[in-house]
Amino acid sequence: DTEVTQTPKHLVMGMTNKKSLKCEQHMGHRAMYWYKQKAKKPPELMFVYSYEKLSINESVPSRFSPECPNSSLLNLHLHALQPEDSALYLCASSQGGQGSYEQYFGPGTRLTVT
Amino acid sequence: SQQGEEDPQALSIQEGENATMNCSYKTSINNLQWYRQNSGRGLVHLILIRSNEREKHSGRLRVTLDTSKKSSSLLITASRAADTASYFCATDPGYSTLTFGKGTMLLVSP
(Lines give C-alpha, C1' and ligand atoms only; values in the text may rest on other atoms or scores of the structure.)
Protein backbone atom coordinates (compact mmCIF):
# COMPACT_ATOMS: atom_id res chain seq x y z
CA ASP A 1 0.00 0.00 0.00
CA THR A 2 1.72 3.18 -1.22
CA GLU A 3 -1.11 5.51 -0.40
CA VAL A 4 -1.28 8.54 1.84
CA THR A 5 -4.85 9.43 2.75
CA GLN A 6 -6.11 12.80 3.93
CA THR A 7 -9.45 13.80 5.38
CA PRO A 8 -11.49 15.81 4.79
CA LYS A 9 -11.09 16.57 1.08
CA HIS A 10 -12.68 19.99 1.52
CA LEU A 11 -13.17 22.12 4.62
CA VAL A 12 -14.86 25.47 5.07
CA MET A 13 -14.43 27.08 8.46
CA GLY A 14 -15.03 30.42 10.10
CA MET A 15 -12.29 32.38 11.80
CA THR A 16 -13.51 31.35 15.25
CA ASN A 17 -13.81 27.64 14.52
CA LYS A 18 -11.54 24.82 15.62
CA LYS A 19 -11.02 22.01 13.15
CA SER A 20 -8.49 19.27 12.44
CA LEU A 21 -6.96 17.82 9.31
CA LYS A 22 -5.99 14.16 9.34
CA CYS A 23 -3.37 12.21 7.45
CA GLU A 24 -2.62 8.50 7.47
CA GLN A 25 -0.03 6.21 5.87
CA HIS A 26 0.64 2.50 6.24
CA MET A 27 3.96 2.25 4.44
CA GLY A 28 6.00 2.10 7.64
CA HIS A 29 7.44 5.53 6.91
CA ARG A 30 9.03 7.30 9.85
CA ALA A 31 8.96 10.86 8.51
CA MET A 32 5.75 12.80 7.91
CA TYR A 33 5.25 16.31 6.62
CA TRP A 34 2.70 19.09 6.33
CA TYR A 35 2.86 21.49 3.40
CA LYS A 36 0.76 24.51 2.50
CA GLN A 37 0.14 25.32 -1.15
CA LYS A 38 -1.51 28.49 -2.45
CA ALA A 39 -2.96 28.61 -5.94
CA LYS A 40 -0.36 28.57 -8.71
CA LYS A 41 2.46 28.39 -6.15
CA PRO A 42 4.75 25.57 -5.06
CA PRO A 43 4.19 23.68 -1.81
CA GLU A 44 5.78 25.28 1.23
CA LEU A 45 7.00 23.13 4.07
CA MET A 46 5.28 23.73 7.41
CA PHE A 47 6.25 20.90 9.75
CA VAL A 48 8.32 17.72 9.75
CA TYR A 49 7.88 14.81 12.14
CA SER A 50 10.68 12.31 12.35
CA TYR A 51 10.13 9.16 14.39
CA GLU A 52 7.00 10.75 15.87
CA LYS A 53 8.88 13.80 17.14
CA LEU A 54 8.56 17.30 15.72
CA SER A 55 11.89 17.98 14.07
CA ILE A 56 11.18 21.03 11.93
CA ASN A 57 8.73 23.91 12.37
CA GLU A 58 9.18 26.44 9.58
CA SER A 59 8.12 29.40 11.75
CA VAL A 60 4.48 28.53 11.34
CA PRO A 61 1.98 30.64 13.34
CA SER A 62 0.68 28.99 16.51
CA ARG A 63 -2.85 28.88 15.12
CA PHE A 64 -1.57 25.77 13.32
CA SER A 65 -0.78 22.96 15.77
CA PRO A 66 0.58 19.64 14.51
CA GLU A 67 0.27 16.35 16.31
CA CYS A 68 1.65 12.89 15.59
CA PRO A 69 -0.26 10.36 17.73
CA ASN A 70 1.63 7.40 16.26
CA SER A 71 3.89 6.52 13.37
CA SER A 72 0.97 6.18 10.94
CA LEU A 73 -1.06 9.26 11.80
CA LEU A 74 -0.50 12.98 11.50
CA ASN A 75 -2.96 15.67 12.48
CA LEU A 76 -3.02 19.41 11.95
CA HIS A 77 -5.19 21.28 14.42
CA LEU A 78 -6.54 24.61 13.24
CA HIS A 79 -7.79 27.44 15.43
CA ALA A 80 -8.58 31.10 14.83
CA LEU A 81 -7.42 31.00 11.24
CA GLN A 82 -7.35 33.97 8.91
CA PRO A 83 -8.77 34.17 5.36
CA GLU A 84 -5.20 34.20 4.00
CA ASP A 85 -4.76 30.71 5.45
CA SER A 86 -7.09 29.39 2.74
CA ALA A 87 -5.00 26.96 0.70
CA LEU A 88 -4.44 23.31 -0.21
CA TYR A 89 -2.85 21.49 2.73
CA LEU A 90 -0.77 18.53 1.71
CA CYS A 91 0.51 15.71 3.86
CA ALA A 92 3.46 13.58 2.80
CA SER A 93 5.54 10.75 4.17
CA SER A 94 8.94 9.30 3.47
CA GLN A 95 11.14 6.54 4.78
CA GLY A 96 12.99 8.98 7.01
CA GLY A 97 16.40 8.82 8.59
CA GLN A 98 19.68 9.32 6.79
CA GLY A 99 19.65 8.94 3.04
CA SER A 100 17.83 10.10 -0.06
CA TYR A 101 14.17 9.25 -0.18
CA GLU A 102 11.20 10.34 -2.22
CA GLN A 103 8.10 11.67 -0.56
CA TYR A 104 4.63 10.26 -1.04
CA PHE A 105 1.88 12.86 -1.04
CA GLY A 106 -1.75 12.66 -0.13
CA PRO A 107 -4.43 14.31 -2.30
CA GLY A 108 -4.65 17.28 0.04
CA THR A 109 -7.36 19.10 1.97
CA ARG A 110 -8.75 22.21 0.28
CA LEU A 111 -9.31 24.68 3.15
CA THR A 112 -11.41 27.81 2.86
CA VAL A 113 -11.49 30.24 5.80
CA THR A 114 -14.45 32.60 5.76
CA SER B 1 12.32 30.30 0.94
CA GLN B 2 12.16 28.81 -2.52
CA GLN B 3 15.32 27.10 -3.64
CA GLY B 4 14.63 26.19 -7.24
CA GLU B 5 13.62 28.25 -10.20
CA GLU B 6 11.99 26.43 -13.08
CA ASP B 7 12.20 27.57 -16.65
CA PRO B 8 9.97 28.01 -18.54
CA GLN B 9 7.04 28.94 -16.31
CA ALA B 10 4.66 27.55 -18.92
CA LEU B 11 5.14 25.28 -21.93
CA SER B 12 2.61 24.38 -24.60
CA ILE B 13 3.37 21.57 -27.07
CA GLN B 14 1.64 19.05 -29.32
CA GLU B 15 1.31 15.36 -28.58
CA GLY B 16 4.38 13.44 -29.71
CA GLU B 17 6.75 16.33 -29.16
CA ASN B 18 9.40 16.41 -26.47
CA ALA B 19 9.14 18.73 -23.46
CA THR B 20 12.18 20.07 -21.64
CA MET B 21 12.02 21.85 -18.31
CA ASN B 22 14.95 23.37 -16.47
CA CYS B 23 15.58 23.97 -12.80
CA SER B 24 18.26 26.07 -11.13
CA TYR B 25 19.04 26.13 -7.43
CA LYS B 26 21.27 28.04 -5.08
CA THR B 27 22.75 25.92 -2.29
CA SER B 28 24.38 22.51 -1.86
CA ILE B 29 22.16 19.51 -2.25
CA ASN B 30 22.18 15.82 -1.42
CA ASN B 31 19.66 15.05 -4.12
CA LEU B 32 17.19 16.70 -6.45
CA GLN B 33 13.73 15.34 -7.16
CA TRP B 34 11.06 16.01 -9.76
CA TYR B 35 7.34 15.85 -9.01
CA ARG B 36 4.20 16.17 -11.10
CA GLN B 37 0.96 17.73 -9.92
CA ASN B 38 -2.32 17.47 -11.74
CA SER B 39 -4.61 20.42 -11.18
CA GLY B 40 -5.33 20.91 -7.47
CA ARG B 41 -4.24 17.42 -6.46
CA GLY B 42 -1.38 15.82 -4.57
CA LEU B 43 2.11 15.58 -5.98
CA VAL B 44 3.46 12.44 -7.59
CA HIS B 45 7.14 11.63 -7.35
CA LEU B 46 8.76 11.14 -10.76
CA ILE B 47 12.47 10.70 -10.28
CA LEU B 48 15.26 11.30 -7.75
CA ILE B 49 18.83 12.05 -8.79
CA ARG B 50 21.64 12.12 -6.26
CA SER B 51 24.34 14.77 -6.24
CA ASN B 52 26.94 12.29 -7.49
CA GLU B 53 24.81 11.27 -10.48
CA ARG B 54 24.72 13.10 -13.79
CA GLU B 55 21.83 11.49 -15.62
CA LYS B 56 18.93 9.23 -14.84
CA HIS B 57 16.18 7.65 -16.91
CA SER B 58 12.74 6.35 -16.05
CA GLY B 59 10.50 5.35 -18.94
CA ARG B 60 9.95 8.46 -21.09
CA LEU B 61 11.67 10.67 -18.51
CA ARG B 62 15.28 11.73 -18.59
CA VAL B 63 16.79 13.89 -15.86
CA THR B 64 20.21 15.49 -15.87
CA LEU B 65 22.03 17.16 -13.01
CA ASP B 66 24.96 19.56 -13.25
CA THR B 67 26.10 20.40 -9.72
CA SER B 68 28.78 22.78 -10.97
CA LYS B 69 26.07 24.92 -12.56
CA LYS B 70 23.51 24.11 -9.88
CA SER B 71 20.99 23.12 -12.52
CA SER B 72 18.87 20.18 -13.59
CA SER B 73 16.66 19.41 -16.56
CA LEU B 74 13.68 17.13 -17.05
CA LEU B 75 12.98 15.80 -20.53
CA ILE B 76 9.70 14.12 -21.34
CA THR B 77 9.87 12.35 -24.69
CA ALA B 78 6.93 11.60 -26.99
CA SER B 79 4.55 13.58 -24.81
CA ARG B 80 0.91 12.66 -24.38
CA ALA B 81 -2.16 14.69 -23.43
CA ALA B 82 -2.08 12.88 -20.06
CA ASP B 83 1.29 14.52 -19.34
CA THR B 84 -0.53 17.85 -18.95
CA ALA B 85 0.31 18.95 -15.39
CA SER B 86 2.57 21.18 -13.34
CA TYR B 87 6.11 19.92 -12.83
CA PHE B 88 8.22 20.90 -9.84
CA CYS B 89 11.83 20.33 -9.01
CA ALA B 90 12.67 20.01 -5.33
CA THR B 91 16.02 20.07 -3.60
CA ASP B 92 16.95 17.99 -0.57
CA PRO B 93 19.98 19.10 1.48
CA GLY B 94 20.27 15.61 2.94
CA TYR B 95 17.75 15.24 5.73
CA SER B 96 14.66 14.49 3.64
CA THR B 97 13.24 17.99 3.64
CA LEU B 98 12.30 19.41 0.28
CA THR B 99 12.29 22.94 -1.01
CA PHE B 100 10.25 23.25 -4.17
CA GLY B 101 10.84 25.46 -7.18
CA LYS B 102 8.12 27.58 -8.71
CA GLY B 103 7.15 24.93 -11.23
CA THR B 104 6.49 24.63 -14.94
CA MET B 105 2.93 24.29 -16.25
CA LEU B 106 2.96 21.89 -19.20
CA LEU B 107 0.05 21.74 -21.63
CA VAL B 108 0.08 18.94 -24.19
CA SER B 109 -2.53 19.34 -26.90
CA PRO B 110 -3.90 16.35 -28.85
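It should be noted that the structure appears before, not after, this text.
Below is a summary of the structure that appears in this document. (Residues numbered from 1 in each chain as written. Chains lettered and ligands numbered in written order. Predicted model: local features only at pLDDT ≥ 70, side-chain atom pairs only at ≥ 80, totals over all residues. Heavy atoms only, no water.)

1. Concerning the overall build of chain A
Looking only at helices and strands, chain A has zero helices and eleven strands in total. Seen in sequence order, chain A has helices and strands lined up from the N terminus as β-β-β-β-β-β-β-β-β-β-β. Taking 2.2 N^0.38 as the reference for a compact globule, 114 residues should give roughly 13 Å; the C-alpha atoms of chain A span a radius of gyration of 13 Å, in line with that estimate. Taken over 114 residues, chain A has a buried fraction of 46%. Of the roughly 5600 Å² of accessible surface on chain A, a fraction of 48% belongs to carbon and sulfur atoms. Averaging the locations of the 12 positively and 10 negatively charged side chains of chain A gives two centres separated by 8 Å. (Helix = DSSP H or I, 4+ residues; strand = E, 2+ residues; numbered from the N terminus. Rg over C-alpha atoms; globule rule 2.2 N^0.38 Å. Buried < 20%, exposed > 50% of the residue type's maximum accessible area, 1.4 Å probe, protein only. Areas by Shrake-Rupley, 256 points an atom, 1.4 Å probe, with all protein chains shown as cover. Lys, Arg positive; Asp, Glu negative; His and termini not counted. Charge placed at Lys NZ, Arg CZ, Asp CG, Glu CD.)

2. Here's the deal with the environment of Asp66 of chain B
Mapping Asp66 of chain B onto the fold places it in strand S7 (residues 61–66). Not counting residues within four places of it along the chain, the set of residues in contact with Asp66 of chain B comprises Tyr25 and Ser71 of chain B. (Contact = heavy atoms within 4.5 Å.)

3. Thoughts on the interface of chain B and chain A
Counting from both sides, the interface comprises 22 residues of chain B and, opposite them, 24 residues of chain A. Overall, the association of chain B and chain A removes approximately 1600 Å² of surface from exposure, summing both partners, and the carbon and sulfur fraction of that is 53%. Among the residues of chain B in contact with chain A, Leu43, Ser96 and Phe100 of chain B are the three that bury the most area, contributing 29% of the side total. Where chain B meets chain A, there are zero salt bridges. Linking chain B to chain A there are five residue pairs in polar contact (both at pLDDT 80 or more). Class assignment of the residues belonging to the side of chain B that touches chain A gives a composition of seven nonpolar, twelve polar and three charged. (Buried area = accessible area lost by both parts, 1.4 Å probe. Salt bridge = Lys/Arg side-chain N within 4 Å of Asp/Glu carboxyl O. Polar contact = N/O pair within 3.5 Å; in protein donor to acceptor, adjacent residues only side chain to side chain. Nonpolar A, V, L, I, M, F, W, Y, C, P; charged D, E, K, R; others polar.)

4. What to know about the environment of Lys102 of chain B
Positionally, Lys102 of chain B belongs in the loop between strand S10 (99–100) and strand S11 (104–109). In this structure, the C-alpha to C-alpha distance between Lys102 of chain B and Cys89 of chain B, residues 13 residues apart in sequence, is 8.2 Å.

5. What to know about the pairing of strand S5 (residues 44–50) of chain A
For a regular strand, side chains alternate in direction, first toward one face of the sheet and then toward the other. Residues and elements named next belong to chain A. Taking burial as the measure, the seven residues of S5 include five buried ones, the bulk of the element. Sheet topology places strand S4 (residues 31–37) next to S5; six bridges connect them, and they run antiparallel. When the sheet's bridge partners are listed, Trp34 is paired in S5 with Phe47. Across four bridges, S5 lies against strand S6 (residues 53–57) in antiparallel orientation. In the sheet register, Val48 faces S6, and the bridge partner there is Ile56. Linking two consecutive strands that pair antiparallel, namely S5 and S6, is a turn of two residues; a positive phi of about 50 degrees is found at Tyr51 within it. (Pairing = 2+ DSSP bridges.)

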